[in-house]
Amino acid sequence: MSIGELRTLLRETPEKVPDEAEQTESFAKATARAVEKALEELAAEHDAANRSYRLACVGGNWQFVTKPDFAPWLQVLVGAKPRAPKLSHPALETLAIIAYRQPITRSEMEQIRGVAVDGVVQTLVERELIEVCGEADAPGRPRLYGTTLFFLEHFGLKGLNELPAADELRRIHIELATATAEDAQEELPLDNDDDDDDDDPDDDEDDEANNDEEEE
């Protein structure tokens, strides 16, 4: 539930349940900050108690979520399907570009990555991590892409403002400079303006094709 929904609930309860008005009226005029503070205190209380679940704010909405440690048993309990295979490096790179530069067209993604992204974008759409959010004011009216609410839920973010800043990404690049050349090229091509010889469009398409086969 969002803070707005919780405030509406607090405001309407005395009117709709008059018999309990004496108990509920004092909360009817709670401010947004007061509700948020109460939620933060409740979240800290659950974390301190080390329960199997916690209160989290994801995409601007507060919800109780179970901890990842208990995922195997919960999957069996509710009959959930196993999580989809992890995204390939090209898919993660493209997703990062979209997250930071949205709304963005495919051609703009390709200018940044230096390779074709058709297969990668299709995979991200199928995973419901990105979606078409409009059309660019340009010849051909190319589609604009942006991240979804599920993107925030998947990565546990309150909002896009929680994404690491660009300077943080540069620091990560420096820290990984001691890795092997192959690892450096696969992990962080975003912070390198030069075209990498190993970043071959055909290789990326093969990676995505294999990834899609695993999903099927």
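Preceding this section is the structure that the text describes.
Scope of this entry: the structure provided in the associated data block.

From N to C terminus, the chain includes 11 helices and 4 strands. Counting every position in the chain, which comprises 216 residues, the buried fraction comes to 26%. Long-range contacts, defined as pairs at least 24 residues apart, comprise 48% of the intrachain contacts of the chain with a sequence gap of at least 6. With an accessible surface of roughly 14500 Å², the chain has 50% of that area assigned to carbon and sulfur atoms.

This part takes up the packing of aromatic side chains. Taken as a whole and judged by the stated rule, the model has 2 aromatic pairs. Plain terms: the ring middles of Tyr 53 and Phe 64 are 5.8 Å apart, the flat faces sit at 75 degrees to each other, and that makes the pair edge-to-face. Within this pair, whereas Tyr 53 is found in strand β1 (residues 53–58), its partner Phe 64 is found in strand β2 (residues 61–66), the two being separated by 11 residues in sequence. Relative to Phe 155, the ring of Phe 151 has its centre 5.1 Å away and its plane inclined at 55 degrees; by these criteria the two rings are tilted. Residue Phe 151 and its partner Phe 155 are both found in helix α8 (residues 149–155); the two are separated by 4 residues, about one turn of the helix. For Phe 151, a relative accessible area of 3% puts it in the buried group. Taking relative accessible area as the criterion, Phe 155 reaches 39% and is therefore assigned partly exposed.

Turning to the environment of His 89, a few remarks are in order. Mapped onto the elements of the fold, His 89 is located in helix α5 (residues 89–101). Counting along the chain gives 31 residues from His 89 to Val 120, while the straight-line C-alpha distance between them is 10.0 Å.

Scanning all chains against the criterion turns up 7 salt bridges. Across the pair Glu 93 and Arg 113 runs a salt bridge, and its minimum N-O distance is 3.0 Å. Linking Glu 93 in helix α5 with Arg 113 in helix α6 (residues 106–113), this pair joins segments that are 20 residues apart in sequence. Each member of the pair Glu 93 and Arg 113 is classed as buried. Measuring nitrogen to oxygen at the nearest pair gives 3.4 Å for the salt bridge that ties Asp 137 to Arg 141. Through salt bridges with shared partners, one network takes in Arg 33, Glu 36 and Glu 40.

So, about the nonpolar core. Leu 95, Met 109, Leu 124, Ile 130 and Phe 151 are the most contacted members of the largest nonpolar core, which has 19 residues in total. Every element with two or more residues in this core is listed here: α5, α7 (118–126) and α8. Among the elements that make up this core, the one with the highest residue count is α5 (5 residues). Sequence-distant contacts of Ile 130, that is, excluding residues within four places in its chain, are made with Leu 95, Ile 98, Val 121, Leu 124, Val 125, Tyr 145, Gly 146, Thr 147 and Thr 148. Core analysis: the next-biggest nonpolar cluster, separate from the first, contains 8 residues, Ile 3, Leu 39, Cys 57 and Trp 62 among them.

Moving on, we get to unusual backbone geometry. In this chain, Gln 102 is followed by Pro 103 through a cis amide linkage whose omega measures -5 degrees. Tracing the sequence through the fold places Pro 103 in the loop between α5 and α6. Positive phi, normally seen in glycine, also occurs at Glu 128, with a value near 65 degrees. Structurally, Glu 128 can be placed in the loop between α7 and β3 (130–135). Of the residues examined, Glu 128 reaches a relative accessible area of 51% and is grouped as exposed.

Cut-off values and rules
- Residues numbered from 1 in each chain as written.
- Predicted model: local features only at pLDDT ≥ 70, side-chain atom pairs only at ≥ 80, totals over all residues.
- Heavy atoms only, no water.
- Helix = DSSP H or I, 4+ residues; strand = E, 2+ residues; numbered from the N terminus.
- Buried < 20%, exposed > 50% of the residue type's maximum accessible area, 1.4 Å probe, protein only.
- Contact = heavy atoms within 4.5 Å.
- Areas by Shrake-Rupley, 256 points an atom, 1.4 Å probe, with all protein chains shown as cover.
- Phe/Tyr/Trp six-rings, centres within 6.5 Å; stacked < 30°, edge-to-face > 60°.
- Salt bridge = Lys/Arg side-chain N within 4 Å of Asp/Glu carboxyl O.
- Core = buried A, V, L, I, M, F, W, Y, C linked by side-chain atoms within 4.5 Å.

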